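The primary structure of each chain is shown beneath.
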Amino acid sequence: MKVLNLNYSEYDVIYLGFPIWYRTYPRLVASFVDVADLKDKVVRPFCTNEEGAFGIADFELSAAVKMKGGRLEKGLAVKSFNVASCDEELRNWIG
Ligand SMILES: Cc1cc2nc3c(=O)[nH]c(=O)nc-3n(C[C@H](O)[C@H](O)[C@H](O)COP(=O)(O)O)c2cc1C
């Protein structure tokens, strides 16, 4: 399956955003990780959630990304009711 027609060689860092579903990332994100060329890429995850931040998503995603040859960095979890006011937090995290 080809999810996105990306030229991965143009990117060193991939920002991966998703809502938390059932304490982890949605299957769609897992499908992307399955097909993406993540070799030597840094993956920076960010999520929206209602409680519990990343849940087990960062743990599971870290293993999945590692299996593809990449490295997961510490992500940013934003409460869904704070999305409208998280600009500063987002900018600080992006760096
Ligand atoms: C099927 C489903 C499962 C969810 N499971 C969780 C969960 O386990 N933990 C949590 O904090 N939020 C959970 N949520 C809340 C979503 O994370 C939240 O609604 C979402 O991040 C908001 O982003 P959106 O407006 O883009 O959907 C769940 C939402 C749905 C629809």
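Above this text is the structure in question.
The present account deals with the structure reproduced in this document.

Here is what the cut-offs are and how they apply
- One numbering rule holds for all chains: residues counted from 1, following each sequence as written.
- Only residues with pLDDT of at least 70 are given local features in this predicted model, and only at 80 or more are side-chain atom pairs given and counted; all residues enter the totals for whole chains, interfaces and linings.
- Hydrogens and water are ignored here; the side-chain numbers use all heavy atoms of the structure.
- In this text, helices come from DSSP runs of H or I with a minimum length of four residues, and strands from runs of E with a minimum of two, each type numbered from the N-terminal end.
- Atoms considered for the radius of gyration are the C-alpha atoms alone. The globule rule reads 2.2 Å times the number of residues to the power 0.38.
- Put simply, a nonpolar core is a bunch of buried Ala, Val, Leu, Ile, Met, Phe, Trp, Tyr and Cys residues held in one set by side-chain atoms that sit within 4.5 Å of each other.
- With a 1.4 Å probe rolled over the protein chains alone, any residue whose accessible area is under 20% of its type maximum counts as buried; one over 50% counts as exposed, and the rest are partly exposed.
- By definition, residues are in contact when any of their heavy atoms lie within 4.5 Å.
- Throughout, the term near means that a residue has one or more heavy atoms lying within 4 Å of the molecule or strand in question.
- Throughout this description, a polar contact denotes any pair of N or O atoms lying within 3.5 Å of each other; where both atoms belong to protein, one of them has to be capable of donating a hydrogen while the other can accept it, and for residues adjacent in sequence the pair is counted only when both atoms sit in side chains.
- All accessible-area figures derive from a Shrake-Rupley calculation using a 1.4 Å probe, and residue coverage is judged against the displayed protein chains alone.
- Residue polarity is assigned by list, with Asp, Glu, Lys and Arg as charged and Ala, Val, Leu, Ile, Met, Phe, Trp, Tyr, Cys and Pro as nonpolar; anything else, Gly included, falls into the polar class.
- Two strands form a pair only when DSSP identifies at least two bridges running between them.
- Here, a salt bridge means any side-chain nitrogen of Lys or Arg that lies within 4 Å of a carboxyl oxygen of Asp or Glu.
- Patches here are clusters of residues that have more than 30% relative accessible area and form no salt bridge, with a 9 Å joining cutoff for like charges and a 5 Å cutoff for nonpolar side chains (Val, Leu, Ile, Met, Phe, Trp, Tyr).

What about the overall build of the protein?
Next, step 1: The number of helices and strands found in the protein is three helices and four strands.
Next, step 2: When the helices and strands of the protein are placed in sequence order, the string is β-α-β-α-β-β-α.
Next, step 3: By the compact-globule yardstick of 12 Å for 95 residues, the protein fits well, its C-alpha radius of gyration being 13 Å.
Next, step 4: Taking the principal axes of its C-alpha atoms as reference, the protein extends roughly 35 × 30 × 20 Å.

Here we look at the nonpolar core
Next, step 1: In this structure, Leu16, Phe18, Tyr25, Val33, Leu38 and Leu61 are the most contacted members of the largest nonpolar core, which totals 20 residues.
Next, step 2: Sorting the residues of this core by element identifies β1 (13-19), α1 (27-35), β2 (42-49) and α2 (57-67) as the ones contributing at least two each.
Next, step 3: Excluding residues within four positions of it along the chain, phenylalanine 18 makes contact with Tyr25, Pro26, Val29, Pro45, Phe46, Cys47, Thr48, Phe54, Ala57 and Leu61.

A few points about the site of the ligand
Next, step 1: In the vicinity of the ligand, the residues found are Pro19, Ile20, Trp21, Tyr22, Arg23, Thr48, Asn49, Glu50, Glu51 and Ser80.
Next, step 2: The separation between an oxygen atom of the ligand and a polar main-chain atom of isoleucine 20 is 2.7 Å.
Next, step 3: A distance of 2.5 Å separates an oxygen atom of the ligand from a polar backbone atom of glutamate 51.
Next, step 4: Look at the ligand: alone it shows 630 Å² of surface, and the protein chains cover 58% of it.
Next, step 5: Its residues assigned to classes, the shell around the ligand comprises four nonpolar, three polar and three charged.

Re the pairing of strand β4 (residues 76-79)
Next, step 1: Residues Leu76 and Val78 point to one face of β4 and are all buried, whereas Ala77 and Lys79, pointing to the other face, are not buried.
Next, step 2: Of the strand pairs in this sheet, β2 and β4 are connected by four bridges, and their pairing is parallel. Pairing of phenylalanine 46 across the sheet is with leucine 76, part of β4.

Topic: the pattern of salt bridges
Next, step 1: Taken as a whole and judged by the stated rule, the model has four salt bridges.
Next, step 2: Between arginine 44 and glutamate 73 there is a salt bridge whose closest N-O contact spans 3.1 Å. Pair noted here: arginine 44 is in strand β2 and glutamate 73 is in the loop between β3 (71-72) and β4, with a separation of 29 residues, a long-range link.
Next, step 3: Glutamate 73 sits in the partly exposed class, given a relative accessible area of 28%.

Brief notes about a nonpolar patch on the surface
Next, step 1: There is a patch of nonpolar side chains on the surface, built from Val13, Tyr15, Phe46 and Ile94 and spanning about 320 Å² of accessible area.
Next, step 2: Along the polypeptide, phenylalanine 46 turns up in strand β2.

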